[in-house]
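Here are the chains, one letter per residue:
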Amino acid sequence: MATDASTDASTASNPLPRFPDGFLWGVSTSAHQIEGAAELRGPSVWDAFTAEPGRIKDGSTAAVACDHYHRYREDVALLADLGVDAYRFSVSWPRVDSPGGVGLDFYDRLVDELCAAGVRPVPTLFHWDLPAGLDWLERDTAARFAEYVSVVARRLGDRVGKWITLNEPAEHTLLGHALGIHAPGRELLFDALPVAHHQLLAHGLAVRALRASGATDVGIANSHGPTWPASDDPADREAADFYDLLLNRMFADPILTGRYPEGIGELMPGSAERIAADLEIIAEPLDWYGVNYYAPTRVGAPQGAEIEFGGVTLPAELPFSVREIEGRPRTDFGWPVVPEGLTELLTGFRDRYGDRLPPVVITENGCSYEGLDDRDRVAYLDGHVRALHRASEAGVDVRGYFVWSLLDNFEWAEGYARRFGLVHVDFATLERTPKASYGWFRDLIADQRRGPVG
Ligand code: IFM
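What you see as residue numbers is a count from 1 along each chain, following the sequence as written. Thresholds applied to this predicted model are a pLDDT of at least 70 for local features of residues and 80 or more for the giving and counting of side-chain atom pairs; totals over whole chains, interfaces and linings are not thresholded and use all residues. To obtain the side-chain values, all non-hydrogen atoms of the structure were used and water was disregarded.

Visitor: Before we go on, may I ask you to explain the pattern of salt bridges in this structure?
Guide: Note on pairing: side chains with opposite charge can pair once their charged atoms come close. Salt bridges are defined as contacts in which a side-chain nitrogen from Lys or Arg sits within 4 Å of a carboxyl oxygen from Asp or Glu. One pass over the full model with this rule turns up 38 salt bridges. Residue Arg-432 is joined to Asp-75 by a salt bridge in which the shortest nitrogen-to-oxygen separation is 2.9 Å. In this pair, Arg-432 is assigned in strand E15 (residues 432-434) and Asp-75 in helix H3 (residues 68-82), connecting sequence segments 357 residues apart. You can call Arg-432 buried: its relative accessible area is 0%. We call a residue buried when its accessible area falls under 20% of the maximum for its residue type, exposed when it is over 50%, and partly exposed in between, using a 1.4 Å probe and counting protein chains only. Classification of Asp-75 as buried rests on a relative accessible area of 1%. Arg-159 serves as the salt-bridge partner of Asp-112, at 2.9 Å between the closest nitrogen and oxygen. In this pair, Asp-112 sits in helix H5 (residues 103-116) while Arg-159 sits in the loop between helix H6 (140-156) and strand E4 (162-167), placing the two residues 47 residues apart along the sequence. Strands here mean DSSP runs of E at least two residues long; helices mean DSSP runs of H or I at least four residues long; both are numbered from the N terminus.

Okay, structure coming up:
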């Protein structure tokens, strides 16, 4: 492991504002994207998907990934050197389900190592790697999830305080079940809606299971971003509103208000009575609400043709079309860099949900860029941390910020082509090398601990 990350890469000349005491600085990863050791876990829907020719752009698999399973001590040392308060990782359900139940031993060791290094473990209980044979179209998967959550909580709950139920149920529904870009590769379009409902139900049942095990610090990591209409034309505004419903309100409203947005509840599987009863479970109060933010989306009326957008092909029959956000820098993934979208998103949430919105934690924010001297990443992160502070000044109760990601990793259908890490991974040798952004984040955290900056 190289540790000579440059610390002078900041592109910002103004000192960063100070966040409140107790604010959590962290980094995030997920099991399937970094662990490897596929032979030491049960199969997941991602293994089958990855094996299908053409599904993963560079033809790679996550069988080894960053080999974090065997190198977790080195990775925890990187976290300790970075100085983060907390580390968000995910527990692999297929690993916990593996024969003999030995999979949980790994998380036991990881959590011990983190605690010994003074880094708070923040496990996510589902980050898309569903055990093969299970299916979110089936309601029963929610109950199975809650059973698995109880098993994990019983084992790790003496050392884990902060829990995340699900990662981005919106993306898992949309990319995995509506558009077929992620596992399990279904192209159900609006018939994928039960997948959203069953995940939300699983979230609520998991909150209950965690509470039953004594947990007092529970949240979710939902992906959100502002939706910008392509123009003032009513057709564009209507399409943008619909997109906003799908990405934002459909996943936040049930959790924060106990209701689906108008017109959505009727489309969910089951009688009105059953959906109403489910919503009571889904709206179990949370201690905090996690937001994964990357960029806003510009949306207009459908254009009657397929659209290539951010590495994804969107079918022509969608009732909206996604347009470019012009005049902005872009990450290597082609995503626009719009820090103020984060302020807009969070103040918008505060306005929409008021007192129902618990404290907010940014559970993911980051970007893909090549290279060790990743000044573009520093500029991206610096801009977003400032935008978060502006939301805080505007009255949003923000309690934490986690960079996606600690390590370059398996970026799902993109394979290893997109590098989101603060730490470079050479996928031939698995050597880790901190990038300039790692040094920048380390300095930021140290400065914040020192007291007022500037
Ligand atoms: O890598 C993903 C992560 O698994 C979920 N949120 C977005 C990241 C970048 O695409």
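Back to the text.
Visitor: Can you help me understand the site of the ligand in this one?
Guide: Here, proximity means that at least one heavy atom of the residue falls within 4 Å of the molecule or strand. Close contacts around the ligand come from Gln-33, His-127, Trp-128, Asn-167, Glu-168, Tyr-294, Trp-335, Glu-364, Trp-404, Glu-411, Trp-412 and Phe-420, and that covers them all. Pairing of N or O atoms within 3.5 Å defines a polar contact, subject to two protein rules: one partner must be a possible hydrogen donor and the other a possible acceptor, and residues neighboring in sequence count only if both atoms are side-chain atoms. Within the contact set of the ligand, a nitrogen atom lies 2.5 Å away from a side-chain nitrogen or oxygen of Glu-364. All accessible areas in this document rest on Shrake-Rupley with a 1.4 Å probe, and a residue is counted as covered only by the protein chains that are shown. Taking 280 Å² as the accessible area of the ligand by itself, protein coverage stands at 94%. Here the nonpolar group is Ala, Val, Leu, Ile, Met, Phe, Trp, Tyr, Cys and Pro; Asp, Glu, Lys and Arg are the charged ones; every other residue, Gly included, is treated as polar. When its residues are assigned to classes, the shell around the ligand shows six nonpolar, three polar and three charged.

Visitor: Hey, could you run me through the sheet that holds strand E8 (residues 297-300) in this one?
Guide: Note: strands within a sheet are paired through backbone hydrogen bonds, in either parallel or antiparallel orientation. The sheet built from three strands is open, its strands ordered E6-E8-E11 with mixed pairing. On the outer flanks of this sheet lie strand E6 (227-229) and strand E11 (321-323), each paired with one strand and no other. On average, each strand axis in the sheet is inclined to that of its neighbour by 45°, with strand direction left out of account. Here E6 pairs with E8 via three bridges, running parallel. By the bridge assignment, Pro-229 is partnered in E8 with Val-299. Residues are treated as being in contact if the distance between any of their heavy atoms lies within 4.5 Å. To obtain each axis, a line is fitted to C-alpha atoms, and for helices this fit is confined to the stretch in contact; angles are then taken between N-to-C directions over 0 to 180 degrees. Set on the sheet, helix H9 (residues 234-257) makes contact with E6, E8 and E11; between it and E6 the angle comes to about 170°. At least two bridges found by DSSP between two strands are what make those strands a pair.

Visitor: Looking at this model, I keep getting lost on the nonpolar core. Mind explaining?
Guide: Soluble globular proteins tend to pack their nonpolar side chains together in the buried interior. Nonpolar core, defined: a set of buried Ala, Val, Leu, Ile, Met, Phe, Trp, Tyr and Cys residues in which side-chain atoms within 4.5 Å join the residues together. Judged by nonpolar contacts, the single largest core of 143 residues is most densely connected at Val-27, Tyr-107, Phe-145, Tyr-289, Leu-346, Tyr-401 and Phe-441. Looking at this core element by element, the count peaks at 11 residues for H9. Beyond its immediate stretch of four places on either side in the chain, Leu-346 contacts Val-291, Val-360, Ile-362, Leu-388, Ala-391, Val-396 and Val-398. Core analysis: the next-biggest nonpolar cluster, separate from the first, contains eight residues, Val-122, Ile-164, Trp-288 and Phe-402 among them.

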